[in-house]
Amino acid sequence: MRVTVVTAIRNSLRAFNKIKPQSAMEWNSGENTAAVLLGRRNIAVQECPMPSLQPDGVLVEVISTGICGTDMHSYLSGGFGGQAITEPIVLGHESAGEVIAVGGMVTSHQVGDRVAIEPGLPCRRCRNCKDGRSNICLDLTYCGMPGSVGSLSRYFALPADMAPKIPASISWDEAGCIQPLAIGVQIGKRGDLRAHQNIAIFGCSPIGLITAAIARAYSASEIIASDNSPERVEFARTYLSPLTGKPIINHVFLSEPLSTSSVGNEERQTTSGPGASAGDNDADKAEVPIGDRKWEWAERLAAGYLREAGIDKESLDRVVETTGVEDCLMLSVALAKQGGTVLAVGLGPHQTAAIPTIALNSKEIDFKGIMHYTPSCFPDAIDLLARGVVDLEPLISVSFPLSQAQDAFEAVASGKYLKVLIKNQE
Ligand SMILES: [Zn+2]
Ligand SMILES: [Zn+2]
């Protein structure tokens, strides 16, 4: 098995370094150790080859790595995008560490520099790259995804320009959260988050909270959020802005499941079901398609949210949906003002979800998707932390040594924690 793993990782390393010359110098100071996904809920921590230090690259001793929803999709399904893995793969794409060697052409970095690891390596040649949208590069290599190698290892090599420096004031724990913060910066760009806006966020998991922290740093007016977990709602209510010392989110709602709301339960969707009532009113209701009834429910609930938050109708400028849950997408469109923006960030459990197309059109909503981050997002994320306008420390619940990587993933799967970190050298 080990030979297969080593071969797979060596191939992946070559893929990650594909734009570099084959004659690149090698760093041969012994073995690396990495957390390798072998299958569904099956991670092995094992020795693997040291990455190749390229002439224009840096070799990083990785210190901390965050685990996120994307990693969990891979871990829990044992694959990517619905496909089971065909060969073992090193996970991880949210890392930071210290430079321990630099390539011969590198003048920007020195041994000892603290750096973040940008996990996406665009081809720099395709049409999208040339259009300045390297996040949707047609030949993107992304850490921890098939064809690449993740950063959940002791050592990692990458081009020097993909390793932005981190000031000493940023802790290693926070440094392990720079990548999701960079995604938050991209959310800010795609959603055009600006001062004086009213913003709604669905989901109080780390990416929802990071979005809120960025919106507050950008001087949003009112921020509201919702989640279906009482624990996450409780935490979100106490997540404070380092700028104001007050909660970042003005109103956090505990969302009720749709089946218990006034839209009616599953049985009432059919007239012959055991839950069907005999009244004329209920019979009429049963003829209304479930999608339309959901939309009625969404409009009612959205109006209630706005009323409770003291936000005028038609004043909710931006909605960031991080759950991927259909009901939340419905609510997002209902909440957004005429001409507002809905950013669909969340990945739901299914390929599709219903959206209210009539309202989308009549309100002329900008409904947008988002992918990864763009080149300036990492420096901007580091700047937000360095200036102390965003504080990620409260989000970090627990950390595990690399040797217990599987425990760390199980901890995330338990749903009890917000951000779980792995210490790569332990
Ligand atoms: Zn991530
Ligand atoms: Zn490209």
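Just so it is clear, the structure is predicted and the values come from calculations on it, not from any experiment.

1. Quick look at the confidence of the model for the protein chain
No. 1: Taken as a whole, the protein chain shows an average pLDDT of 88; of its residues, 86% reach a score of 70 or greater.
No. 2: Long-range and interchain partners of residues 17-27, a stretch whose pLDDT sits below 50, account for 15 contacts in this model, where long-range means more than four residues apart.
No. 3: The low-confidence segment residues 265-280 (pLDDT under 50) makes 22 contacts with residues lying over four places distant or belonging to another chain.

2. Here's the deal with the pairing of strand S17 (residues 366-369)
No. 1: Taken together, the four bridges between strand S16 (residues 341-344) and S17 define a ladder with parallel strand orientation. Counted as the bridge partner of leucine 343 is lysine 368 from S17.
No. 2: You can see the chain leave S16, run along helix H11 (residues 357-362) and come back into S17, and the turn it takes is right-handed.

3. Concerning unusual backbone geometry
No. 1: Of note, the phi angle at aspartate 192 is positive, near 55 degrees, even though the residue is not glycine.
No. 2: Along the chain, the position of aspartate 192 falls in the loop between helix H5 (178-190) and strand S12 (199-202).
No. 3: A tally of 13 C-beta atoms within 10 Å means that aspartate 192 is categorised as partly exposed.

4. As for the sheet that holds strand S1 (residues 32-39)
No. 1: The strand order across the open sheet formed by three strands is S2-S1-S6, and the pairing between neighbours is antiparallel. Every interior strand has two partners, whereas the edge strands, strand S2 (42-48) and strand S6 (89-90), have only one.
No. 2: For S1 and S2, the ladder comprises seven bridges, and the chain directions are antiparallel. Bridge pairing links glycine 39 to asparagine 42 in S2.

5. Regarding the environment of glutamine 404
No. 1: Looking at the element boundaries, glutamine 404 is found in the loop between strand S18 (396-401) and helix H13 (405-413).
No. 2: Through-space distance from the C-alpha of glutamine 404 to that of isoleucine 43 is 9.5 Å; in sequence the pair is 361 residues apart.

6. Considering helix H6 (residues 206-217)
No. 1: Here H6 spans 16 Å end to end across twelve residues, near enough to the 16 Å set by a 1.5 Å rise per residue.
No. 2: By the criterion of burial, H6 is predominantly enclosed, with twelve of the twelve residues buried.
No. 3: Turning to H6, its buried residues number three or more, namely Pro206, Ile207, Gly208, Leu209, Ile210, Thr211, Ala212, Ala213, Ile214, Ala215, Arg216 and Ala217.
No. 4: After H6 finishes, the residue serine 219 shows a positive phi value of roughly 70 degrees.

7. Regarding helix H10 (residues 326-335)
No. 1: Burial of H10 is extensive: nine of the ten residues sit out of reach of the surface.
No. 2: Among all positions in H10, only Asp327, Cys328, Leu329, Met330, Leu331, Ser332, Val333, Ala334 and Leu335 are buried.
No. 3: Residues of H10 that are buried in the fold lie against S12, helix H9 (290-309), strand S15 (318-321), S16 and H11.

Calculation criteria
Residues numbered from 1 in each chain as written. Chains lettered and ligands numbered in written order. Predicted model: local features only at pLDDT ≥ 70, side-chain atom pairs only at ≥ 80, totals over all residues. pLDDT = per-residue confidence, 0-100. Contact = placed C-beta atoms within 7 Å. Pairing = 2+ DSSP bridges. Helix = DSSP H or I, 4+ residues; strand = E, 2+ residues; numbered from the N terminus. Right-handed = clockwise from strand over helix to strand, strands pointing away. Buried ≥ 20, exposed ≤ 12 C-beta atoms within 10 Å, placed from the backbone. Expected span 1.5 Å × (residues − 1).

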